[in-house]
Amino acid sequence: MANKKILVISDMHLPYQHKDSITFLKEIKKEFKPDRIVNIGDLLDFHAISMHEHNPDLYSAGMELDKAKEYIKELEAIFPEVTEVDSNHSSLVYRRALKYGMSKQFLKPYGDFLGTRKWKWIDDLTLTMSNGQRCFFTHGRSADVLKVSQTMGMSCVQGHYHSLMGVRYYGNSLGLYFGLQVGCMIDNKSLAFRYNKVQKARPIIGCSVIYNGLPII
């Protein structure tokens, strides 16, 4: 049955991910055997080309990409087919190009410069789950994921907000719907996330599986 077990990964921010994240995902695959993998955004951090200030003690842009590609090879070995949802960090290379007036003709697609063969990059994603209900996947539109779900008129999954993780429900005359906020898989001690030091909230590490329409953290 299609989309019976959907694994949702978010905000790895390679190469600044949590040191146990790839091992953890291997175990999740072994435990749940997902038939669909959705990475809901910010697979890559692109700190070196960020619109914000750069930490000079981190990798250069080329070194950062080379290191990220090493981890991507590990992930591709675990998950040969992944749907990647567009996001603010992972789209930085294209946003930078647009800012400086570069045509798309000069740019390679994600799969080409990362070397992935069967991974697909899309804007947002709507899937019909194995229970017949539809679910909307987006990187992050509102800190209140339930509002996004209500706006779309279907269940919704999003990432982006590192310190939020959980499931909330609402119902109407047509059915019961959920809003799933996926955590993240970053290394909060990395210099790439130094900005977190001034915030009270801390990242919540994890991922989620939607099993026959039931969200599991």
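The numbering scheme is per chain: residues are counted from 1 as the chain's sequence reads. A pLDDT threshold of at least 70 governs which residues receive local features in this predicted model, and a stricter bar of 80 or more applies before side-chain atom pairs are shown or counted, although totals over entire chains, interfaces and linings include all residues. Side-chain descriptors were evaluated using all non-hydrogen atoms of the structure, hydrogens and water having been removed beforehand.

Asks: How should I be thinking about the packing of aromatic side chains in this particular structure?
Replies: Only Phe, Tyr and Trp rings take part, Trp by its six-membered ring, and two of them pair if their centres are within 6.5 Å. Stacked means planes under 30 degrees apart, edge-to-face means over 60, and tilted covers everything else. Scanning the model with the defined rule gives seven aromatic pairs in all. Between Tyr110 and Phe113, the aromatic rings sit 5.5 Å apart at their centres with planes inclined by 45 degrees, giving tilted as the arrangement. With Tyr110 and Phe113 both in helix H4 (residues 110-114) and three residues apart, the pair spans about one turn of that helix. Burial classification: accessible surface area is computed with a 1.4 Å probe over protein chains only, and a residue below 20% of its type maximum counts as buried, one above 50% as exposed, and the rest as partly exposed. Given a relative accessible area of 7%, Tyr110 falls into the buried group. Assessed through its relative accessible area of 15%, Phe113 is described here as buried. Segments assigned H or I by DSSP are reported as helices when at least four residues long, segments assigned E as strands when at least two residues long, and all are numbered from the N terminus.

Asks: When you look at the packing of helix H1 (residues 21-32) against helix H2 (residues 61-78) in this model, what are you seeing that I'm missing?
Replies: A fitted line through C-alpha atoms represents every axis, and for helices the fit uses only the stretch in contact; the resulting angles, taken between N-to-C directions, go from 0 to 180 degrees. Put simply, H1 and H2 touch, their axes get as near as 10 Å, and they point 5 degrees apart. With respect to H2, the element H1 is oriented roughly parallel. Contacts between H1 and H2 pair Ile22, Leu25, Lys26 and Lys29 from the former with Tyr71, Glu74, Leu75 and Ile78 from the latter. Class assignment of the residues belonging to the contact of H1 with H2 gives a composition of five nonpolar, no polar and three charged. Note that the term roughly parallel is reserved for angles under 35 degrees, roughly antiparallel for angles over 145, roughly perpendicular for angles of 65 to 115, and oblique for everything else. Only heavy atoms matter for contacts: two residues are in contact if any of them lie within 4.5 Å across the pair. In this classification, the charged set is Asp, Glu, Lys and Arg, the nonpolar set is Ala, Val, Leu, Ile, Met, Phe, Trp, Tyr, Cys and Pro, and all remaining amino acids, among them Gly, are polar.

Asks: Sorry if this is basic, but what is going on with the sheet that holds strand S2 (residues 36-39) here?
Replies: Consider a sheet: its strands pair through backbone hydrogen bonds, and that pairing is either parallel or antiparallel. Spatially, six strands are ordered S4-S3-S2-S1-S10-S11 in an open sheet, and the strand pairing comes out mixed. Strand pairing shows two members of the sheet lacking a second neighbour, strand S4 (120-122) and strand S11 (214-216), which therefore form its edges. Going from strand to strand, the sheet's axes swing by 25 degrees on average, the running direction of each strand aside. Only strands joined by at least two bridges in the DSSP assignment are considered to pair.

Asks: Can you help me understand the sheet that holds strand S5 (residues 125-128) in this one?
Replies: Strands sit in the order S5-S6-S7-S9-S8 across an open sheet of five strands; the sheet is mixed. Where the open sheet ends on each side, the last strands, each with one partner, are S5 and strand S8 (166-172). Averaged over neighbouring strand pairs, the angle between their axes works out to 20 degrees when direction is ignored. Pairing geometry for S8 and strand S9 (residues 175-181), over seven bridges, is antiparallel. Counterpart to Arg168 in the pairing with S9 is Gly179. This element, helix H5 (residues 145-152), spans strand S6 (134-138), strand S7 (155-158), S8 and S9 of the sheet and lies at about 140 degrees to S9.

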